[in-house]
Amino acid sequence: MAPHKRKFVLVVTVIVIVGVIWYLESMKVIPVASKNGNGVEVIALPPLNPSSSPQAAVDSAAAIKAIAALDVKNGDQRAVELSDPTGFVNTEPFKLSDLAGKKVILVDFWTYSCINCIRTLPHLNEWYQKYHDAGLEIVGVHTPEFEFEKDINNVKAAVSKFGVKYPVVLDSNQSTWQAYGNLYWPHEYLINIAGYVVHDQVGEGNYDETERKIQELLQQRTDALGDNMAIDHTITSPSQDNIEAMSPETYFGAARNGFLANGDYGKTGEQYFKEPAAVKANSLYLIGQWNIAPEYAETPASVGSGQVGSDRIDYLYQAKGVYFVAGSVKGPIDVEVLSDGKPIDAKSKGADVFYKNGKSYVTVNENRLYRIIDNPAVCTQDGVCTDGAQKHLLEFIISSPGLQAFTFTFG
């Protein structure tokens, strides 16, 4: 070939290569690093997959770019990146950007002593098993409510207990929580293949709606990537608790003890609480000597010493279920539990209640949620049954120091 022809071919080849590179770069949906209007880092799509053929990469990038354009038109927001994670369970450290452009992502804010979070876990576990191979990744962001929930060993134990297999990211400084502007446990955010939040669910419920959205986004993903993955369009229905409660979540610690009826709101330190003449509904009564900290109320060393009235909690609740978040700093403590002045009926006992010498107890040891009451359905003579909230006086009799009471929750 003549020198001038070789030079011409070389020039054309260079132009073609530059043109391909420019086109591929133009197909990237979002840059490698970016922040939203509040200065918070949002997830970034990775470079095009080098293992794909050039044409497949171009086609996928164009499809994802079209999805992103529609998201912008619909007013959807780019998903926020994980911020300052303090630990990882079931996984090596990663970023959401590692998954963007490849997976549909469900981010679930939870904490292991939250009964509402616990009741969502069977659904999340089912979805992970059912859809993970089809392109769904679930990321549990564990943002603690209490100090003891920051301990990674406690989180690992809870993850094992509840059968969680998907990645869990510890957010012990609430950094990701704040980046999302989150306010609730649980709160689920669904992120599509283009990295936009297109569905969110606050609290329990609407599981069928969320699952249908997962299926829709997985179909969108497989179409964009051209992987021909078959999507199961059946709706999962794992067992779940019926939720009905008239009583509010009630905190023992001074920082949030607004329902404390026989003491001063927000007052810390060791205090003596008098037994009330009458117990009002949905009000917390501490009876005897208690040490009040910001997050909890603790039975001090004087408990069990024979002082009058130094060992009780009273609460007149209206709910189907009662849950007690508590722990012990001095080993297992057997707490006697009474319902309307009697041992808890076997039909109403929660999973953590047991019987000894004709009395009902719960053993409080590690910091966690304890299941105290699970009232059965109430049926009338004409056969009409309801799981309606029932009103009962709950009493805890504590005979040992070191018990820390955090919350009553109801359901």
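In case you missed it, the structure is sitting above this.
Calculation notes
Here the residue index of a chain counts from 1 through its sequence in written order. Residues qualify for local features only when their pLDDT is at least 70, as the model is predicted, and side-chain atom pairs are given and counted only at 80 or more; totals for whole chains, interfaces and linings, by contrast, use all residues. Side-chain figures throughout are based on the complete set of non-hydrogen atoms in the structure, without hydrogens or water. In this text, helices come from DSSP runs of H or I with a minimum length of four residues, and strands from runs of E with a minimum of two, each type numbered from the N-terminal end. Only protein chains enter the area calculation, which uses a 1.4 Å probe; residues under 20% of their type maximum are buried, those over 50% are exposed, and those in between are partly exposed. Working rule for contacts: check all heavy atoms of both residues, and any pair within 4.5 Å makes them a contact. Each accessible area value is a Shrake-Rupley result obtained with a 1.4 Å probe; residue values ignore everything except the protein chains displayed when judging cover. Any two strands between which DSSP finds at least two bridges are classified as paired. Interaxial angles span 0 to 180 degrees and are taken between N-to-C directions of axes, which are lines fitted to C-alpha atoms, for helices over the stretch in contact. Buried Ala, Val, Leu, Ile, Met, Phe, Trp, Tyr and Cys residues form a nonpolar core when they are joined through side-chain atoms within 4.5 Å. Any carboxyl oxygen of Asp or Glu that lies within 4 Å of a side-chain nitrogen of Lys or Arg is treated as forming a salt bridge with it. Polar contact criterion, stated in full: a pair of N or O atoms within 3.5 Å, where within protein one must be able to donate a hydrogen and the other to accept it, and residues adjacent in sequence count only if both atoms are side-chain atoms. Relevant arc is that of directions from the helix axis to the C-beta atoms, nothing else. What goes into a patch is any residue over 30% in relative accessible area without a salt bridge, connected to like charges within 9 Å or, for nonpolar side chains (Val, Leu, Ile, Met, Phe, Trp, Tyr), within 5 Å.

Let us now look at the overall build of the chain. Within the chain one finds 6 helices and 22 strands. For the chain, buried positions account for 48% of its 411 residues. Expressed as a percentage of contacts within the chain between residues at least 6 apart in sequence, the contacts between residues at least 24 apart total 74%. Of the roughly 19,400 Å² of accessible surface on the chain, a fraction of 53% belongs to carbon and sulfur atoms.

Attention now moves to unusual backbone geometry. Omega for the peptide link from W185 to P186 comes to -15 degrees, which places this bond in the cis form. Topologically, P186 is positioned in the loop between α5 (175–180) and β6 (187–191). Unusually for a residue other than glycine, N206 sits at a positive phi of about 55 degrees. Mapped onto the elements, N206 comes out in the loop between β7 (196–202) and α6 (207–225). Accessibility expressed as a relative area gives 41% for N206, which makes it partly exposed. Located in the positive-phi region is N228, a residue other than glycine, with phi close to 55 degrees. Residue position: N228 is located in the loop between α6 and β8 (250–251). On the basis of relative accessibility, which here comes to 73%, the residue N228 falls in the exposed class.

On to the pairing of β6. Taken across its 5 residues, β6 has 5 buried, putting it largely inside the fold. Bridging between strand β3 (residues 104–110) and β6 involves 5 bridges; their strand directions are antiparallel. Note that in β6 the partner of D108 across the bridge is E188. As judged from the 5 bridges shared by β6 and β7, these two strands associate in the antiparallel manner. What sits directly across from Y189, in β7, is D200. The antiparallel hairpin formed by β6 and β7 contains 4 residues in its connecting segment, where G195 sits at a positive phi of about 90 degrees.

Time to look at the sheet that holds β6. Spatially, β1-β7-β6-β3-β4-β5-β2 is the arrangement adopted by the 7 strands of the open sheet, whose pairing is mixed. Each edge of the open sheet carries a strand with a single partner, namely β1 (77–78) and β2 (87–89). Note: β3 against strand β4 (residues 136–142), 7 bridges, orientation parallel. Bridge assignment links L106 to a residue of β4, and that residue is I138. Across the sheet, α6 lies against β3, β4, β6 and β7, angled at about 165 degrees from β7, the strand it touches most.

What follows covers the nonpolar core. The biggest cluster of nonpolar side chains holds 37 residues, and the ones touching the most others in it are W127, L136 and V168. Listed by contribution, the elements that provide at least two residues to this core are β3, α3 (115–131), β4, α4 (152–161), β5 (168–170), α6 and β13 (321–328). At 8 residues, the largest contribution of residues to this core is made by α3. In this structure, V168 is in contact with G87, F88, V89, W110, G140, H142, V155 and V159, ignoring residues within four places of it in sequence. In terms of nonpolar packing, the next biggest core, distinct from the first, is built from 33 residues, F273, Y315, F324 and A405 among them.

What follows covers the packing of helix α2 (residues 54–74) against α6. Running from N to C, α2 and α6 point in directions that differ by 145 degrees, and their axes come no closer than 8 Å. Seen from α2, the contacting residues are S60, A63, I64 and I67; seen from α6, they are Q220, A224 and L225.

Per the stated rule, a full pass over the model turns up 15 salt bridges. A salt bridge links K213 to E216; the nearest nitrogen and oxygen atoms lie 3.1 Å apart. Of this pair, K213 and E216 both sit in helix α6, 3 residues apart, which is roughly one turn of that helix. One salt bridge in this structure joins R221 and D227, with 2.9 Å as the shortest N-O distance. Judged by its relative accessible area of 31%, D227 falls in the partly exposed class. One continuous salt-bridge network, built from bridges that share partners, spans E275, R312, D314 and E395.

Checked against the element boundaries, Q289 lands in strand β10 (residues 284–292). The exposure class of Q289 is buried, given its relative accessible area of 15%. At a separation of 3.4 Å, a polar atom in the side chain of Q289 contacts the side chain of E270.

For α4, the complete set of buried residues consists of V155, A158 and V159. Buried positions in α4, seen along its axis, are confined to an arc of 100 degrees and lie on one side of it. Residues of α4 that are exposed and point more than 90 degrees away from the buried face comprise N153, S160 and K161. In this structure, the buried residues of α4 make contact with β2, β3, β4 and β5. The opening residue of α4 is D151, an N-cap whose side-chain oxygen sits 2.8 Å from the backbone nitrogen of N153. Note on α4: the residue one or two positions beyond its end, G163, has a positive phi of about 70 degrees.

Together, L183, Y184 and V202 make up an exposed nonpolar region whose accessible area comes to about 300 Å². Its location among the elements puts L183 in the loop between α5 and β6. Classification of L183 as exposed rests on a relative accessible area of 60%.

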